[in-house]
Amino acid sequence: MIGADKNPIIVEAKNLVKTYFDKGVETRVLKGVSLSVRRGEFVAIMGRSGAGKSTFLYQMSLLDHPTSGAVFFNGEEITDLPAKKQAAFRLNKLGYVFQDYALIPELTASENIMAPLLMQGMTMPLAKMKAKQGLARIGLENKVDNLPSGLSGGEQQRVAIARAVTHEPDIIFADEPTANLDSYSAKMVLDLLIELNKNGQTIVMVTHEEEYGALADRIVRLSDGQVV
Ligand SMILES: Nc1ncnc2c1ncn2[C@@H]1O[C@H](COP(=O)(O)OP(=O)(O)O)[C@@H](O)[C@H]1O
Ligand SMILES: [Mg+2]
């Protein structure tokens, strides 16, 4: 977003280290990665397969816990919050988009968007209205009652994005949101993310496609668990 470089830092990852121990073998996947993201920024995280992009995104977005290092949100550490508070924080403040869409197969497009809203305590009629508006915004108002199996990959990802933003999260984390899509659907998904960002949505997106990374305000490159 234009001018986002003057906005306050919303999320800051400091010196994140992630080490996996597997059958006595230690693998250091993140070797001290730091990143500050300002409100309204669209940051792309790029790098080769196995560079640690997903691992970094998961630590930064509270989906996993780093071996060491910390994440700050509006200046306050969130990595040390108790699990229950972290779960509430994820639900209320953060939005997630995954490569495989991660929609609930038994729920319709509308119900998938409603689920997190209901978990936040929103009333059924209001959640229904929000889901309808969300689907209209992405041009899928006629697919309200479709199950994910009745949607194309691109449509599923757009529903997943609608689900990720309907509760107005402070930041969305997207891990290779276009990796499974044909170029036409990928472009629609990116156009949607760019439009959200133009309206002020802060976005951190992992991608290995240079063409898509170039659309972000800033590219952070990871190689072998480090920023390069
Ligand atoms: N749970 C795990 N246990 C052990 N190694 C892992 C685990 N998750 C990821 N890794 C390793 O960490 C490295 C980085 O993985 P990842 O973050 O998924 O990379 P990227 O998203 O950049 O392709 C890879 O070498 C991968 O094999
Ligand atoms: Mg990955």
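Everything discussed here concerns the structure shown above.
Attention here is on the structure that accompanies the text. These numbers were taken from a predicted model, which means no experiment stands behind them.

1. Quick notes on the layout of surface pockets
Working step 1: Estimates place the volume of the largest pocket at around 400 Å³.
Working step 2: Arg90, Leu91, Tyr96, Pro116 and Arg163 are the residues nearest the centre of the largest pocket, which is lined by 17 residues in total.
Working step 3: Breaking the lining of the largest pocket down by element, the ones donating at least two residues are helix 2 (83–93), strand 6 (94–97), helix 3 (109–119) and helix 5 (153–165).
Working step 4: In terms of residue count, the dominant contributor to the lining of the largest pocket is helix 3 (four residues).
Working step 5: Grouping the constituent residues of the lining of the largest pocket by class yields twelve nonpolar, three polar and two charged.

2. Concerning unusual backbone geometry
Working step 1: Non-glycine residue Leu62 carries a positive phi angle of around 70°.
Working step 2: With respect to the helices and strands, the residue Leu62 is situated in the loop between helix 1 (53–60) and strand 4 (68–73).
Working step 3: The backbone of Glu176 sits at a positive phi, close to 45°, despite the residue not being glycine.
Working step 4: Within the fold, Glu176 resides in the loop between strand 7 (171–175) and helix 6 (183–198).

3. Section: the sheet that holds strand 4
As a general point, the strands of a sheet are linked pairwise by backbone hydrogen bonds and lie either parallel or antiparallel.
Working step 1: Taken in spatial order, the four strands line up as 2-1-4-5 in an open sheet, and their pairing is antiparallel. Only two strands of the sheet have a single neighbouring strand rather than two, namely strand 2 (25–38) and strand 5 (76–77).
Working step 2: Sheet analysis places strand 1 (residues 9–22) next to strand 2, joined by eleven bridges and oriented antiparallel. Among the inter-strand pairings, Phe21 is bridged to a residue of strand 2, identified as Glu26.
Working step 3: Those strands touched by helix 1 are strand 1, strand 2 and strand 4, and its axis lies near 120° from that of strand 1.

Conventions adopted
Residues numbered from 1 in each chain as written. Chains lettered and ligands numbered in written order. Predicted model: local features only at pLDDT ≥ 70, side-chain atom pairs only at ≥ 80, totals over all residues. Heavy atoms only, no water. 1 Å grid on protein atoms, 1.4 Å probe; cavity = no way out; pocket = protein on both sides within 12 Å on 5 of 7 lines; lining within 4 Å. Points joined across faces, edges and corners; volume = space filled by probe spheres on them. Helix = DSSP H or I, 4+ residues; strand = E, 2+ residues; numbered from the N terminus. Nonpolar A, V, L, I, M, F, W, Y, C, P; charged D, E, K, R; others polar. Pairing = 2+ DSSP bridges. Contact = heavy atoms within 4.5 Å. Axes fitted to C-alpha atoms, helices over the stretch in contact; angles between N-to-C directions.

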